[in-house]
Amino acid sequence: MSEAATEGIITCPYCGDNVPGLTAIDPGMRLRLQNEAQVESVPENVCEGCFSQLSRLVSKGAVLRAEAQAKEQNRLMLWRNRVQLVKQAKQYLAHKNFSDAAVSYEKYLRVLEIVYEVKSGELSPDMFKNQARAQEMTVITSVYWDLMRIYDTHPRYADRQTKAAEKLAAFVRFTPIFPQILRKAESQTRTAKNPEAFKRFLKISNSSRPRCFIATAAYDGYFSETVLTLCEFRDQYLKSSQSGRKFVRAYYKVSPRIALLLDLLPFLKPTTRKLLTRVARSKFVRNRLNP
Ligand SMILES: [Zn+2]
């Protein structure tokens, strides 16, 4: 084809239209097209129409990215402020300002729901199983406990109190404050305005599987390998014999007190951990878990 035949008519390699001229896509724009708009394989030159369309894609990608960044920033800020909400609530509580305390606690729970992207009332221990997040479960537990006490002030909060009771039961067993909360709940069944809520909490807690109180206290949480090994040993070996079951029952009678002692004297925890790890790794335990 001769130059004369195509003079003044150029075909856009992107859309295939015949156009008067082409515009170059510079390397910077090419990169942003790939990264921000997921547009791969763009020709070096395109027509005016394609160029403006591609530019819009890039700026839309940039806007989306900015929005995502702002959202992430917001989540980070909320996450950092959550501690402040709990502190504030405790101050309100100290001044017997129950309604503001409840609002601050509910805000704290809302922050967790936003950060973990779950619906209202759907926080669960699974989200905090990661060792780095396990400590948060103790905070959540104390928040639900305080809410149970606050909602005990008036019968109109009975529904909220029951919900807090159920959440408390779900979280408390993964925390080292389990024995204290059980003890306090038992005394609340005698003194609370609505003892049913505390009875409900105790019922759910007791029906859940038995806990390794001491190990949980020593490890400040449930999800260490040693604790899991010991629980497995209890369920698979000890419970299969009568004397084993007797031992487990005796253990659950004394262990809440020992766990409490560990929380009162935390310097005993490292030694207890070492001891428990040695037991969990002993030939006796290992051979009975993997016969
Ligand atoms: Zn074009």
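Note that this is a predicted model, so its numbers are computed, not measured.

Asker: How would you explain the packing of helix α5 (residues 134–150) against helix α7 (residues 178–191) if you had to name every residue and give the values?
Answerer: Interaxial distance between α5 and α7 falls to 12 Å at its minimum, and their mutual angle equals 5 degrees. On the basis of the axis angle, α5 is roughly parallel to α7. The segment α5 lies against α7, with Thr-141, Trp-145 and Arg-149 engaging Ile-181, Lys-184, Ala-185 and Gln-188. In the contact of α5 with α7, the residues fall into three nonpolar, two polar and two charged.

Asker: Which residues make up the nonpolar core, and what values go with them?
Answerer: Formed by 60 residues in total, the largest nonpolar core has its most connected members in Tyr-108, Phe-128, Tyr-144, Leu-147, Met-148 and Phe-201. Excluding its chain neighbours within four sequence positions, the residues that come into contact with Phe-128 are Leu-112, Tyr-116, Arg-133, Ala-134, Glu-136, Met-137, Ile-140 and Phe-171. Membership of the second largest hydrophobic core comes to 14 residues, among which are Val-19, Ala-37, Cys-47 and Val-58.

Asker: With reference to specific residues and values, describe the packing of helix α3 (residues 48–94) against α5.
Answerer: Viewed as axis vectors pointing N to C, α3 and α5 meet at an angle of 35 degrees, and their least axial separation amounts to 12 Å. Here the hand of the crossing between α3 and α5 comes out left-handed. Across the interface between the two elements, Trp-79, Arg-82, Val-86, Lys-90 and Leu-93 of α3 pack against Glu-136, Val-139, Ser-142, Val-143, Asp-146 and Ile-150 of α5. Class assignment for the residues of the contact of α3 with α5 results in six nonpolar, one polar and four charged.

Asker: Describe the side chain of Ser-255, listing the residues and the values that go with them.
Answerer: Looking at the element boundaries, Ser-255 is found in helix α11 (residues 242–264). Aside from chain neighbours lying at most four places away, what touches Ser-255 is Phe-213 and Ile-214.

Asker: Go over the packing of aromatic side chains with me, naming the residues and quoting the values.
Answerer: All chains considered together, the criterion is met by nine aromatic pairs. One aromatic cluster is present, formed by Trp-79, Tyr-116, Phe-128, Tyr-144 and Phe-171 through successive ring pairs. Of note, Arg-82 hangs over the ring of Trp-79, and the distance from its end group to the ring centre comes to 3.6 Å. Cation over ring: Arg-288 sits above Tyr-237, and NZ or CZ is 5.6 Å from the ring centre.

Asker: So what's going on with a nonpolar patch on the surface? Residues and values would help.
Answerer: On the surface, a nonpolar cluster with roughly 480 Å² of combined accessible area is contributed by Leu-261, Leu-264, Leu-265, Phe-267 and Leu-268. Relative to the elements of secondary structure, Leu-265 occurs in the loop between α11 and α12 (269–281). Relative accessible area serves as the criterion here: at 31%, Leu-265 is assigned to the partly exposed category.

Asker: Residue-level account of the pattern of salt bridges, with values.
Answerer: Where side chains of opposite charge bring their charged atoms close, a pairing between them can arise. This model, assessed by the stated rule, comprises eight salt bridges. The shortest N-O distance in the salt bridge between Lys-199 and Glu-196 comes to 3.7 Å. With Lys-199 and Glu-196 both in helix α8 (residues 195–207), this residue pair falls three residues apart, about one helical turn. Under the relative-accessibility criterion, Lys-199 is labelled partly exposed at 41%. A single network of salt bridges, built from pairs that share partners, joins Lys-71, Glu-72, Arg-75 and Glu-117.

Conventions used here
- Residues numbered from 1 in each chain as written.
- Predicted model: local features only at pLDDT ≥ 70, side-chain atom pairs only at ≥ 80, totals over all residues.
- Heavy atoms only, no water.
- Axes fitted to C-alpha atoms, helices over the stretch in contact; angles between N-to-C directions.
- Helix = DSSP H or I, 4+ residues; strand = E, 2+ residues; numbered from the N terminus.
- Parallel < 35°, antiparallel > 145°, perpendicular 65-115°, else oblique.
- Contact = heavy atoms within 4.5 Å.
- Nonpolar A, V, L, I, M, F, W, Y, C, P; charged D, E, K, R; others polar.
- Core = buried A, V, L, I, M, F, W, Y, C linked by side-chain atoms within 4.5 Å.
- Buried < 20%, exposed > 50% of the residue type's maximum accessible area, 1.4 Å probe, protein only.
- Left-handed = near helix turned anticlockwise from the far one by under 90°.
- Phe/Tyr/Trp six-rings, centres within 6.5 Å; stacked < 30°, edge-to-face > 60°.
- Lys NZ or Arg CZ within 6 Å of the ring centre and 35° of its normal.
- Patch = residues over 30% accessible without salt bridge, like charges linked within 9 Å, V, L, I, M, F, W, Y side chains within 5 Å.
- Areas by Shrake-Rupley, 256 points an atom, 1.4 Å probe, with all protein chains shown as cover.
- Salt bridge = Lys/Arg side-chain N within 4 Å of Asp/Glu carboxyl O.

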